[in-house]
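What the coordinates show
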Amino acid sequence: LWSMPLLTELPQPVTNSQPPIYACDLHPSGAALAMADQAGLHVFDVQSGRRLYFQTGAGRRVWTVRYSPSGKYLAAGGARGNQSANLSLFDTSDPLDPRALWTNKSELVYGVVTSLDFSADEQTLALGTVAGGAVLVQIDSNPAAEMDVQYLPGPAADTLALAWRPNGGQIA
């Protein structure tokens, strides 16, 4: 992790990270770093390098992480085993105190979650999976709420990356 524009290295996160690191994302405030690796999801205080949060589980890997544009949410996706999805959503209104809204939602998606992105209005989370195409999940901070899910067909090949257009009109 480096500070721009001077390219000075910031304190390294204190972790038992299991390389490789699959993905990372900075909270829009710059206060927190989310990182995905074989061990799970880590959230670090950028200034001190101290780990603030860690989520793992037997046989679960986190492949992708993404903060929402305002930093209100953090999403993490990956796999349980080889073909079962793993999806979690956190309230990160306070970036140094992430709170799980829902974790390990595997029934929403078939296949490993490989990429994530939020719509600009933070109402929808787009997922790419090894099953191809994309999945749209409506964000509801109530963990008991039934999830509104829409499947977008696409190539049968893995969707390893996706992104919302800033105006929300397209997903690539």
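Given the structure is predicted, the values throughout are model-derived calculations rather than measurements.

In this section: the packing of aromatic side chains. Enumeration according to the criterion identifies 3 aromatic pairs in this entry. With a centroid separation of 4.2 Å and 35 degrees between ring planes, the pair formed by Tyr22 and Trp63 is classed as tilted. Highlighted residues: Tyr22 in strand β3 (residues 21-26) and Trp63 in strand β7 (residues 60-67), separated in sequence by 41 residues. When its relative accessible area of 31% is taken as the criterion, Trp63 is described as partly exposed. Ring centres of Tyr73 and Phe118 lie 6.3 Å apart, and the angle between their planes is 10 degrees; on these two criteria the pair is classed as stacked.

Bringing the sheet that holds strand β13 (residues 134-138) into the picture now. With antiparallel pairing, 4 strands are arranged side by side in an open sheet as β11-β12-β13-β14. This sheet does not close on itself; its edge strands, each paired only once, are β11 (113-118) and β14 (149-152). Across the sheet, the mean angle separating the axes of adjacent strands is 20 degrees when strand polarity is ignored. Pairing of strand β12 (residues 124-129) with β13, which is carried by 5 bridges, proceeds in the antiparallel orientation. Residue pairing in the sheet places Leu125 in a bridge with Val137 of β13.

What counts, and where the lines are drawn
Residues numbered from 1 in each chain as written. Predicted model: local features only at pLDDT ≥ 70, side-chain atom pairs only at ≥ 80, totals over all residues. Heavy atoms only, no water. Phe/Tyr/Trp six-rings, centres within 6.5 Å; stacked < 30°, edge-to-face > 60°. Helix = DSSP H or I, 4+ residues; strand = E, 2+ residues; numbered from the N terminus. Buried < 20%, exposed > 50% of the residue type's maximum accessible area, 1.4 Å probe, protein only. Pairing = 2+ DSSP bridges. Axes fitted to C-alpha atoms, helices over the stretch in contact; angles between N-to-C directions.

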